[in-house]
Amino acid sequence: MEIILAKSAGFCFGVERAMGTIYDNIKKQDGKLYTLGPIIHNKQVVDELYEKGVQAIESLNEAILENAKIVIRTHGIGKSIYDEINKNEMTCIDATCPYVKKIHRIVQEHYRNNYQIVIIGNPNHPEVQGINGWCENTAIVLNNFEDIEKKFKCINKVCVVAQTTIRRKKWDIIADYLKINCTDIIFFDTICNATNLRQNEACEIAQNVDMMVVIGGLHSSNTRKLAEVSKQYCKDTYHIETFEGLPEKLSFVNKKIGITAGASTPACIIKEVINKMVEKESVQTNSEEMSFEEAFEQSLVTLNTGDIIKGTVISLSNNEVYVDLGYKSDGIITMNELTNDPSQKIEDIVKVGDEIEVFIVRVNDGEGHVLLSKNKVDMIKGWDEIETAAEEKTILEGKIIQVVNGGVIAIVKGIRAFIPASQMSDKYVSDLNIYMNQNVSLQIIDINKRKRKVVGSVRVVLEKENAKKAEIFWNEIEVGKKYTGTIKKLMKFGAFVDLGALDGLIHISELSWTKINHPSEVLKEGDIAEVYILDFDKEKNKISLGFKKAEDNPWEIVKSKFNVDDVIKCKVVRLVPFGAFVELLSGVDGLIHISQISNKRIGKPEDVLTVGQEVDAKIVEIDLEKQKISLSIRALLPDEVPVSNDDSDENKQEELPTEYKEDVKVTIGDAINEKSE
Ligand code: F3S
């Protein structure tokens, strides 16, 4: 057995220093010690410290009450907590990592010089909260690209720092954006190299060993990441907290074994694992006397259920793929285990001679074959990508393969993701079957790896796109600007128009120059319409649109076509006690007052005229401003019967019904208005 131990395995510089400080103080035995939060994420260490009387607390109060010493862990704290410690004259053992301290100094200095502090990191991480405490919690914390849109406005004098443990990729993406969009900006790349170094070293070792052992808390995220990275290059990777976590029958004989450990794993635990491996290998070597058959078996690839190995495709049938694994039996991948997409054919996915990675489902299916799965490999890889995408809210592509109760199933990075019906679109969709076999852009909105549950949303993506379009729209909108839109909904009071980014409303009065009772008299849903902006209010998200064209205004036509003294032929459209309305143009009526209907005295207009009758009349007045036209038939008639004083308007008024008496001098515009009501 050969063991390769990663140089970076175990405590980083900051944790090593903090642990040294705390043990030194334990040895001094001069008072009770409390740590503000668990000193590191390692159960064994925290338990051991507890046994030695060091307790983790969440607030200073307990320590103040007991007059105990308080230990500040590597993540550091904000200035106000130091102030509180000083105010209460507490003894403080400051184990803040010097790299974190350096960030505190940068932030404090630049904040004093009126810089806006930006921290790239997780706002819930204690280190970030501590850093923020050095600029009176005024920092803008950006954890992903989305945060920039939500929280960041381009301002001058910006100072950017990073949480020490963030991924460099995150820093690069956000910093690149800030560089382009801010003019006076200073960057302090405060990412600690310890995490990257440890992962890179694990990758290198994993590629050159038969087995990787990763030691550290099963809940420690940096250790889990190390195990994932190692597994990519070495299928025999074991993540353990102690030696007892390794499989009982695992053989160490003639193996080259790589060992690494998380940042919170004490050297004593690493040492103990190595010692026990050496002991066990020695026992295994002495006790193993291999038979010929066993030696032959060992010359072949060893397979375990759950392993991921490489194989070569040797033949294809209608619904199975045969794979050479270098094992005594060939492997079989059934169609179900090849792809989640029922629309795909075998030959679309693999061909003879391809080298593929497969997951061992069962070493012997009862007929001497090894049952394999390509799906599971895709899923394992896909989970990493999906988790990252969920965390960073990036957009993924998926293919809809099934309509189910309440939504659809999409294949995303080889994983089945559920998209609820309400998340398939930003509009109501009555039949989800229209999406079958379509590719869609989606964002992961919920993920539960343990339950294998992924929930996606197309709607979130569409809403983001719409928000961007709306922003552009609002920036470019101006009164009078023309748009082409689709009539989305007709209501009694007007028509809603989809302008692409936003909806606008054409009020019913703006639809036509003539009186209409319902928008459907002019437009129907789905029509494409040319509209223009009448008014808008970004705050209230309201856009008022115009539709009727100035050149279609019938009063413009009146202006050019009719003159006083013109004699025209017109149709009687309505009779009222004080006269008759005649239609000059569509939308323009004129009034022939009762006194102007005949050269004889008449009791009511119906005595002489009927609705629909065509008459010749003379235009006696045109008032374009008030939109009124008065006409006279009498002016065209000979004065056969002299008009007595009784025919005067004043006398006529006596004969009108009360509601019209005040209207005896009604002009055509008033009459039109009256008609409209
Ligand atoms: Fe310090 Fe880096 Fe460790 S910041 S605590 S040395 S990971």
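As a starting point, this report considers the structure included with it. (Residues numbered from 1 in each chain as written. Predicted model: local features only at pLDDT ≥ 70, side-chain atom pairs only at ≥ 80, totals over all residues. Heavy atoms only, no water.)

### Examining the overall build of the chain
For the record, the criterion: For the purposes of this entry, the term helix denotes a DSSP run of H or I that reaches at least four residues, the term strand denotes a run of E that reaches at least two, and both are numbered from the N terminus. All radius of gyration figures rest on C-alpha atoms, and the globule criterion is 2.2 Å times the number of residues raised to 0.38. With a 1.4 Å probe rolled over the protein chains alone, any residue whose accessible area is under 20% of its type maximum counts as buried; one over 50% counts as exposed, and the rest are partly exposed. Any two residues whose heavy atoms approach within 4.5 Å at even a single point are treated as in contact. To be clear on the numbers: accessible area is Shrake-Rupley with a 1.4 Å probe, and residue cover counts the displayed protein chains and nothing else. Only four residue types enter the charge count, namely Lys and Arg as positive and Asp and Glu as negative; His and the chain termini do not. A charge is said to be at NZ when it belongs to Lys, at CZ for Arg, at CG for Asp and at CD for Glu.
Per the secondary structure count, the chain includes 20 helices and 32 strands. By the compact-globule yardstick of 26 Å for 677 residues, the chain is too spread out, its C-alpha radius of gyration being 42 Å. By its C-alpha atoms, the chain is 145 × 80 × 40 Å across when sized along the principal axes. A burial count over the chain gives 44% of its 677 residues as buried. Long-range contacts, defined here as pairs at least 24 residues apart, represent 64% of the contacts in the chain between residues at least 6 apart. As displayed, the chain has an accessible area near 36,200 Å², and 48% of this comes from carbon and sulfur atoms. Considering the chain, the positive charge centre built from 85 side chains and the negative charge centre built from 106 side chains are found 3 Å apart.

### Regarding the side chain of Lys-170
Note the cut-off: Put simply, a salt bridge is a Lys or Arg side-chain nitrogen that is within 4 Å of an Asp or Glu carboxyl oxygen. The definition of a polar contact used here is a pair of N or O atoms within 3.5 Å, where within protein one atom must be able to donate a hydrogen and the other to accept one, and adjacent residues in sequence count solely through side-chain atom pairs.
By the secondary structure assignment, Lys-170 is in helix α8 (residues 168-181). Here Lys-170 occupies a buried position and makes no salt bridge, while the nearest side chain of opposite charge, Glu-391, is found at 4.1 Å. A distance of 2.8 Å separates a polar atom in the side chain of Lys-170 from a polar atom in the side chain of Asn-143. Setting aside anything within four residues of it in sequence, one finds Lys-170 in contact with Ile-120, Asn-143 and Glu-391.

### Some remarks on the nonpolar core
Which entries qualify depends on this criterion: The definition of a nonpolar core used throughout is a set of buried Ala, Val, Leu, Ile, Met, Phe, Trp, Tyr and Cys residues joined through side-chain atoms within 4.5 Å.
Counting residues in each nonpolar core, the largest one holds 26 residues, and the members touching the most others are Ile-70, Val-107 and Ile-119. Taken together, the elements giving at least two residues each to this core come down to β2 (33-36), α3 (60-66), β4 (69-72), α4 (79-87), α5 (98-112), β6 (116-120), α6 (126-132) and β8 (158-162). Examining the composition of this core, we find that three residues originate from one element, α5, more than from any other. With residues near it in sequence (within four places) discarded, Ile-119 still touches Val-128, Ile-131, Asn-132, Ala-139, Ile-140, Val-141, Leu-142, Val-161 and Gln-163. Counting residues in each nonpolar core, the second largest holds 24 residues, with Ala-206, Val-213, Phe-252 and Ile-257 among its members.

### Observations concerning the packing of aromatic side chains
How we decide: Stacked, edge-to-face and tilted labels apply to pairs of Phe, Tyr and Trp rings (six-membered ring for Trp) whose centres lie within 6.5 Å, assigned for plane angles under 30 degrees, over 60, and everything in between, in that order. By definition here, charges over rings are those cases where NZ of Lys or CZ of Arg is within 6 Å of the ring centre and within 35 degrees of the ring normal.
Counted under the stated rule, the structure contains 10 aromatic pairs. An angle of 45° between the planes, with centres 6.3 Å apart, marks the rings of Trp-474 and Phe-536 as tilted. Of the two residues, Trp-474 sits in helix α16 (residues 458-476) while Phe-536 sits in strand β26 (residues 528-537), which places them 62 residues apart along the sequence. Residue classification places Phe-536 among the partly exposed residues on the basis of a relative accessible area of 33%. A centroid spacing of 6.5 Å and a plane angle of 85° characterise the contact between Phe-578 and Phe-581, whose relative ring orientation is edge-to-face. A residue is classified by how much of its surface remains accessible, and Phe-578, at 2% relative accessible area, is buried. On the basis of relative accessible area, Phe-581 is assigned to the buried category, the value being 1%. By the ring-pair criterion, three or more aromatic residues cluster together here, those being Phe-473, Trp-474, Tyr-483 and Phe-536. The ring of Phe-187 is capped by Lys-179, whose NZ or CZ atom sits 5.6 Å from the centre of that ring.

### Some details on the sheet that holds strand β1 (residues 2-5)
To be explicit about the condition: Pairing between strands is defined by DSSP: at least two bridges between the two strands are required. Between N-to-C directions, angles cover 0 to 180 degrees, with each direction set by a line fitted to C-alpha atoms, over the stretch in contact for helices.
The parallel open sheet is built from four strands, whose spatial order is β1-β12-β10-β11. Each edge of the open sheet is held by one strand with a lone partner, namely β1 and β11 (237-240). Strand after strand, the sheet turns through a mean of 20° between neighbouring axes, direction not considered. Pairing between strand β10 (residues 211-215) and strand β12 (residues 256-261): five bridges, direction parallel. Residue Val-214 lies in a different strand from β12, and its bridge partner there is Thr-260. The sheet strands contacting helix α9 (residues 193-206) are β1, β10 and β12, and the helix crosses β12 at an angle near 170°.

### Regarding the site of the ligand
Worth spelling out the cut-off: Whether a residue is near a molecule or strand is decided by its heavy atoms; if any one of them lies within 4 Å of it, the residue is near. Three classes are used: nonpolar for Ala, Val, Leu, Ile, Met, Phe, Trp, Tyr, Cys and Pro, charged for Asp, Glu, Lys and Arg, and polar for all others, with Gly counted as polar.
Taken together, Cys-12, Gly-14, Cys-97, Tyr-99, Thr-164 and Cys-192 make up the full set of residues near the ligand. Residue classes in the shell around the ligand are distributed as four nonpolar, two polar and no charged.

### Description of helix α15 (residues 375-392)
Test applied: The length a helix should cover is 1.5 Å for every residue beyond the first. The bend reported for a residue corresponds to the angle between axes fitted to the seven residues ending at that residue and the seven starting there.
In this model, α15 (18 residues) spans 25 Å end to end at C-alpha, consistent with the 26 Å of a helix rising 1.5 Å per residue. Along its length, α15 shows its largest kink, about 25°, at Gly-382. Turning to α15, its buried residues number three or more, namely Asn-375, Val-377, Gly-382, Trp-383, Ile-386, Thr-388, Ala-389, Ala-390 and Glu-392. Residue Lys-393 follows α15 closely and has a positive phi angle near 55°.

That is the geometry; function is a separate question.
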